[in-house]
Amino acid sequence: MEFDQVKIVMVNTSHSGNIGSAARAMKTMGFNNLVLVAPKTFPSDEANTMSAGASDVLDSAVVVASLEEAVADCALVVGASARSRSLPWPLVNPREMAHQVLSVPSDAKVAIVVGRERSGLTNEELACCHCHVHIPSNPDYSSLNVASAVQVLTYELAMSQVNLEQADKPNFGVEWDQKPATSGQLESLFDHWQKTLVDIDFLDPNNPRTLMSKLRRLILRAHPDEVEANILRGMLSQVDKTIRKS
């Protein structure tokens, strides 16, 4: 794993000091790829002060408008979550997360996403993630600062790399023959899938319930490669063509 391939994505951060503290946490562990989704205030003097010498990480930070834009080119997206969901989703601890990241091809990009200081990530944002990572903490006081969360997660990633004395067995037992599909490719698949399901009257757009969320969970859990994602898109296109003929 190349650390340059790992993005730390901070969503709607309210306090610019937390951005600076997160940059400091990243740099101490060797990470420098920071992406900010619609931060309240950035750049700022407070962020520079709290970075304690990691201003280069702040200077190279990329600001985007949405989480989808931030992770569009990523093959693995992990969202930090401190709460359980009504719909179960793959959930790992930081050490297990680091092992998953190591199993991703070295030329593929990875996003580690942390949410707002008060409310974390929304259900919609968590649904963009392949899996969620939960940092175990004191159940009587589980309020973990976002920069502290970044420190824990980047530490586990760095230590997994340090401890990699010998090559781990590939994720599927063999070296895979195709690149994993990116988040952007999968979002296009999900959009196409939803439109087709509405067209064949399988999905009621006025009462969708959890159908698309469960399809997302199914596909994201499988980690399809680019060819597999294209096969699914091709199947949907053929369904669309057949509908038009009839």
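Above: the structure in question.
What comes next concerns the included structure. (Residues numbered from 1 in each chain as written. Predicted model: local features only at pLDDT ≥ 70, side-chain atom pairs only at ≥ 80, totals over all residues. Heavy atoms only, no water.)

**Here we look at the overall build of the chain**
Rules: The helix and strand labels rest on DSSP assignments: H or I over at least four residues marks a helix, E over at least two residues marks a strand, and numbering proceeds from the N terminus. Computation of the radius of gyration draws on C-alpha atoms, with the globule rule given as 2.2 Å multiplied by the number of residues to the power 0.38. Think of it in three bands: with a 1.4 Å probe and only protein chains considered, a residue is buried below 20% of the maximum accessible area for its type, exposed above 50%, and partly exposed in between. Only heavy atoms matter for contacts: two residues are in contact if any of them lie within 4.5 Å across the pair. Accessibility throughout is a Shrake-Rupley quantity obtained with a 1.4 Å probe, and a residue counts as covered only by protein chains that appear here. Under the counting rule used here, the positive set is Lys and Arg, the negative set is Asp and Glu, and His together with the chain ends is not counted. By convention, the charge on Lys lies at NZ, on Arg at CZ, on Asp at CG and on Glu at CD.
A count of helices and strands for the chain gives ten helices and seven strands. Taken over the C-alpha trace, the chain has a radius of gyration of 19 Å; the compact-globule value for 246 residues is 18 Å, and the two agree within 12%. Viewed in the frame of its principal axes, the chain has a C-alpha envelope of about 65 × 45 × 35 Å. Counting every position in the chain, which comprises 246 residues, the buried fraction comes to 44%. By sequence separation, contacts in the chain at least 24 residues apart represent 85% of the contacts at least 6 residues apart. Carbon together with sulfur atoms contributes 50% to the accessible area of the chain, which is approximately 13,300 Å² in total. Of the charged side chains in the chain, 22 are positive and 29 negative; the average position of the first set lies 6 Å away from that of the second.

**Some thoughts on unusual backbone geometry**
Of the consecutive residues phenylalanine 42 and proline 43, the connecting peptide bond is found in the cis state with omega at 0°. For proline 43, the location among the structural elements is in the loop between strand S2 (34-37) and helix H2 (45-51). Here alanine 38, not a glycine, exhibits a phi torsion of approximately 45°, which is positive. Summarising the element assignment, alanine 38 is placed in the loop between S2 and H2. Of note, the phi angle at alanine 52 is positive, near 50°, even though the residue is not glycine. On the secondary structure map, alanine 52 appears in the loop between H2 and helix H3 (55-59).

**Section: the pattern of salt bridges**
Note the threshold: We define a salt bridge as a side-chain nitrogen of Lys or Arg found within 4 Å of a carboxyl oxygen belonging to Asp or Glu.
Applying the stated criterion across every chain yields a total of eight salt bridges. Put simply, lysine 109 and aspartate 73 hold a salt bridge, and the shortest N to O gap is 3.1 Å. Residue lysine 109 is found in strand S6 (residues 109-114), and its partner aspartate 73 is found in the loop between helix H4 (67-71) and strand S4 (74-80); the two are separated by 36 residues along the sequence. According to the relative accessible area criterion, aspartate 73 is partly exposed, its value standing at 32%. Members of the salt-bridge network, linked through shared partners, are Lys7, Asp73 and Lys109.

**Examining the nonpolar core**
Under the convention used in this document: For our purposes a nonpolar core is just a set of buried Ala, Val, Leu, Ile, Met, Phe, Trp, Tyr and Cys residues, chained together by side-chain atoms within 4.5 Å.
Of all hydrophobic cores here, the largest spans 42 residues; its most connected members are Val6, Met10, Leu34, Met97, Val101, Ile112 and Leu157. At seven residues, helix H7 (residues 146-162) tops the list of elements feeding residues into this core. Excluding residues within four positions of it along the chain, isoleucine 112 makes contact with Val6, Lys7, Ile8, Val9, Val78, Met97, Val101, Leu153 and Leu157.

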